[in-house]
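One letter stands for each residue in the lines below.
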Amino acid sequence: MGGSLSRVLTELSDVESHINLSKEEKRAFKEVVPVFPFSSSLYYLKLASRSKAVRRMLLPSLEEIDEEIQSPGELDPLCEERDKKTPFLTHRYPDRVLIVTTNFCPVLCRFCMRKRNWLKPKFFIDEGEIEKALSYIKENPKVRDVLISGGDPLTLPLERLERLLSGLERIEHVDIVRIGTRIPIVDPERLFDENLLNVLERGKKVWINTHFNHPDEITEVSKEAVGRLLERRIPVNNQTVLLKGVNDNVDTLTELFSRLQRIKVRPYYLFHCDPVKGVMHFSTTITLGVEIVKELFKRLSPLAIPYYAVDGPGGLGKVPVMPKRFRKIKDGYIFESFNGKKFFMEDR
Ligand SMILES: *Cc1c(COP(=O)(O)O)cnc(C)c1O
Ligand code: SF4
């Protein structure tokens, strides 16, 4: 585990000493946790006691194991296990690779599409596997963009994270290294650690992709954590998942994206919730997602609006699904303005 990672709480008794649970929540905890475990930082648990949305993302619910609700879901609809080139590296798009560095997360999100892996033994990528991934990238000069994901990569032992980032820094054809992490949201004080910040900064090409889903997650502390990254010249972008009962309405997302801009985090993706077993109770229709984004364009600048995207089944990759505001006619296009006015432009 990373040196200064805060303690995690996994037991019902730990949870109950910090937050009052209803009878129903206790029952859900006991019945669901043997199937899909529980884990939280103290910080995020306290946040859950003040926010209904965070509570829904953090506490186990009987819906997770309700056969009727979950039966349309699959375990691995995106076939992530298939496109692997080394045990830890997936190469799907020509210019980008994904390195899954661990399956460990200090906070387990109930909507996680990888919750099938939660009961597997905890792993961290080791030195040998880091070398294999680096060699693969060295031999493939088209790879210019490296995603580091998990689990949460910022929980990696610091020497290994440093080895990986400095290796990538030295590969000439790599332009960008993106680390996907929820640490700024679930354990922000971890980012007050100068040693970790130094490693990220020395990585030179590092960008951080965070995962804020609700405005309640933007606190003074998480804002400070993001600030520490920005100070080190690390750009911060955000990926949100559209979640029923958490953020599936225009008002919540308008507030989330505008507040992210205030803390200088660029909204990058709004993912459609994948049909994963154990997560179906969070899934909305695609139609709702498109309608929400259409409405967002009336309220916000595109600089505050992420790409709404679905992830194709069987590893076909992400597809942006934006509201359609133009159509081709004979010799030109009909467009729709932000306030619903139609206009024509000739195609020449
Ligand atoms: C999401 C993903 C990427 C990165 O996709 P972007 O659309 O560039 O953010 C790369 N490889 C795999 C396997 C992915 O799942
Ligand atoms: S941080 Fe990401 S990988 Fe970890 S449990 Fe949450 S959604 Fe899943």
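This text follows the structure it describes.
Residues numbered from 1 in each chain as written. Chains lettered and ligands numbered in written order. Predicted model: local features only at pLDDT ≥ 70, side-chain atom pairs only at ≥ 80, totals over all residues. Heavy atoms only, no water.

Participant: Would you mind going over the site of ligand 2 with me for this structure?
Facilitator: As a matter of local geometry, ligand 2 sits amid Cys105, Val107, Leu108, Cys109, Phe111, Cys112, Trp118, Gly151 and Arg182. Grouping the constituent residues of the shell around ligand 2 by class yields 7 nonpolar, 1 polar and 1 charged. (Near = heavy atom within 4 Å. Nonpolar A, V, L, I, M, F, W, Y, C, P; charged D, E, K, R; others polar.)

Participant: Could you clarify how one ought to interpret the site of ligand 1 in this entry?
Facilitator: Lining the immediate surroundings of ligand 1 are Thr90, Arg92, Tyr93, Arg96, Leu98, Leu147, Arg178, Tyr268, Tyr269 and Lys318. In the environment of ligand 1, an oxygen atom lies 2.7 Å from a nitrogen or oxygen atom belonging to the side chain of Tyr268. A distance of 2.6 Å is found between an oxygen atom of ligand 1 and a side-chain nitrogen or oxygen belonging to Tyr269. Those elements that place two or more of their residues in the shell around ligand 1 are strand E5 (96-100) and strand E10 (266-271). (Polar contact = N/O pair within 3.5 Å; in protein donor to acceptor, adjacent residues only side chain to side chain. Helix = DSSP H or I, 4+ residues; strand = E, 2+ residues; numbered from the N terminus.)

Participant: I keep staring at helix H11 (residues 250-262) and nothing clicks. Help me out?
Facilitator: One turn of the α-helix equals 3.6 residues, which is why residues spaced by three or four share an orientation. For H11, with 13 residues, the first-to-last C-alpha span of 18 Å sits near the 18 Å given by 1.5 Å per residue. Among all positions in H11, only Val250, Thr252, Leu253, Thr254, Leu256, Phe257 and Leu260 are buried. Against strand E9 (236-241), E10 and helix H12 (286-299) lie the buried residues of H11. With a side-chain oxygen lying 3.3 Å from the backbone nitrogen of Asp251, the N-terminal cap of H11 falls on Asn249. After H11 finishes, the residue Lys264 shows a positive phi value of roughly 65°. (Expected span 1.5 Å × (residues − 1). Buried < 20%, exposed > 50% of the residue type's maximum accessible area, 1.4 Å probe, protein only. Contact = heavy atoms within 4.5 Å.)

Participant: Even after reading the chapter, I still don't get the packing of helix H7 (residues 158-170) against helix H9 (residues 194-202), so can you show me in this structure?
Facilitator: Relative orientation of the contacting elements H7 and H9 amounts to 15°, with a least axis distance of 9 Å. When the axes of H7 and H9 are compared, the pair comes out roughly parallel. H7 and H9 meet at a crossing whose hand is left-handed. Contacts between H7 and H9 involve Leu158, Leu161, Glu162, Leu165 and Glu169 on the former and, on the latter, Asn195, Leu196, Val199, Leu200 and Arg202. Residues belonging to the contact of H7 with H9 are distributed by class as follows: 6 nonpolar, 1 polar and 3 charged. (Axes fitted to C-alpha atoms, helices over the stretch in contact; angles between N-to-C directions. Parallel < 35°, antiparallel > 145°, perpendicular 65-115°, else oblique. Left-handed = near helix turned anticlockwise from the far one by under 90°.)

Participant: It is not clear to me how the pairing of E5 should be interpreted in this structure. Could you clarify?
Facilitator: If a strand is regular, its side chains alternate between the two faces of the sheet. With 4 of 5 residues buried, E5 lies mostly within the body of the structure. With 3 bridges connecting them, strand E4 (residues 89-91) and E5 associate as antiparallel partners. Paired with Thr90 across the strands is Leu98, a residue of E5. From the end of E4 to the start of E5, which pair antiparallel, there are 4 residues. Here E5 runs beside strand E6 (residues 145-149); their pairing, made up of 5 bridges, is parallel. Each residue of the ladder has a partner; that of Val100, found in E6, is Ser149. Each parallel crossover has a hand, and the one from E5 via helix H6 (residues 127-139) to E6 is right-handed. (Pairing = 2+ DSSP bridges. Right-handed = clockwise from strand over helix to strand, strands pointing away.)

Participant: Honestly, the sheet that holds strand E14 (residues 332-336) in this entry has me stumped. Any pointers?
Facilitator: The strands making up a sheet are joined through hydrogen bonds of the backbone, oriented either antiparallel or parallel. Read from one edge of the open sheet, 3 strands run E13-E14-E15, paired in antiparallel fashion. The sheet terminates laterally at strand E13 (326-329) and strand E15 (342-346), the two strands that pair on one side only. The sheet shows a mean angle of 25° between the axes of neighbouring strands, direction not considered. Sheet analysis places E14 next to E15, joined by 5 bridges and oriented antiparallel. Considered in E15, the bridge of Ile334 is made with Phe344.

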